[in-house]
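Survey of secondary and tertiary structure
The primary structure of each chain is shown beneath.
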Amino acid sequence: MPKVIDEAIIFRTVVEMLVSHGYEGSTTKEIADIAGVNEATLFRKYSSKAVLFEKAINQQLADTPLNKLVYTGELEADLIAIVNAYIKTNEMYGEIIPTLLAELPRHPDLKGAFDTPWGNIQVILKIIQEYQAQGTLKQESPLTSLNALIGPMMTSQMFRRANLGLPFSDIDAREQVNSFLHGRKP
């Protein structure tokens with residue numbers, strides 16, 4: 001009787017390896033060893049490293065706080081929900097979104113692995129566009145607005161990951177949204 005493959009372990013391992021070692025540094029041999037399967041089994045089941053990563057990342061990120069965002073009509077509450085969802089998703093899966101964004105230019109075969117995160121981003125962009133249409137948010141590219149909202153968190157993550165010993169406090173969602181809505185005026 002063939003051994004049952006626990007995809008949850010494989011997929012979790014793939015995401016952890018990507019975040020800690022990057023795509024190039026994540027070997028299918030090490031993933032197989034950690035997941036307790038034969039490396040050949042991974043290739044029989046997924047056909048390639050890129051397909052394995054695509055399935056793993058999209059499956060793992062399908063049920064995250066970022067995937068549950070909805071427009072409510074309450075601007076500040078929706079923006080806080082976006083910031084909290086981004087923080088929680090990264091707590092659950094390491095810095096998966098900035099890691100993917102950093103890896104994609106070097107490894108275009110990972111493009112399919114960004115399908116679920118891109119879907120999440122599109123929902124956020126639609127929420128932003130709705131508030132822009134109402135006149136409650138500045139008219140600009142929704143992607144520019146999103147960058148202004150979550151960009152500081154991504155930058156903090158990159159500095160932390162660089163292990164420079166810089167003092168960073170945790171991001172407070174309400175404070176982040178307040179800064180986004182009111183700029184940096186004292």
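Being a predicted model, the structure only gives us computed values, none of them experimental.

**Quick notes on the pattern of salt bridges**
A complete count under the given rule lists 7 salt bridges for this structure. The salt bridge partner of Lys 29 is Asp 33, with a shortest N-O separation of 3.2 Å. In this pair, Lys 29 and Asp 33 are both assigned in helix H2 (residues 28–35), 4 residues apart and thus about one turn of the helix distant. With relative accessibility at 48%, the residue Lys 29 sits in the partly exposed group. Residue Lys 68 is joined to Asp 63 by a salt bridge in which the shortest nitrogen-to-oxygen separation is 2.4 Å. Accessibility classification places Lys 68 together with Asp 63 in one group, the exposed group.

**Structural notes on a nonpolar patch on the surface**
A cluster of nonpolar side chains, namely Phe 159, Leu 164, Leu 166 and Phe 168, defines an oily patch on the protein surface of about 360 Å² accessible area. Among the secondary structure elements, Phe 168 is positioned in the loop between helix H8 (142–161) and helix H9 (173–182). On the basis of relative accessible area, Phe 168 is assigned to the partly exposed category, the value being 33%.

**Describing helix H5 (residues 75–93)**
For H5, which comprises 19 residues, the first-to-last C-alpha distance of 27 Å matches the rise-based estimate of 27 Å (1.5 Å per residue) to within 8%. What H5 keeps buried is the set Leu 75, Asp 78, Leu 79, Ile 80, Ile 82, Val 83, Ala 85, Tyr 86, Ile 87, Thr 89, Asn 90 and Tyr 93. Following H5 by one or two positions, Gly 94 adopts a phi angle in the positive range, close to 65°.

Here is what the cut-offs are and how they apply
- Residues numbered from 1 in each chain as written.
- Predicted model: local features only at pLDDT ≥ 70, side-chain atom pairs only at ≥ 80, totals over all residues.
- Heavy atoms only, no water.
- Salt bridge = Lys/Arg side-chain N within 4 Å of Asp/Glu carboxyl O.
- Helix = DSSP H or I, 4+ residues; strand = E, 2+ residues; numbered from the N terminus.
- Buried < 20%, exposed > 50% of the residue type's maximum accessible area, 1.4 Å probe, protein only.
- Patch = residues over 30% accessible without salt bridge, like charges linked within 9 Å, V, L, I, M, F, W, Y side chains within 5 Å.
- Areas by Shrake-Rupley, 256 points an atom, 1.4 Å probe, with all protein chains shown as cover.
- Expected span 1.5 Å × (residues − 1).

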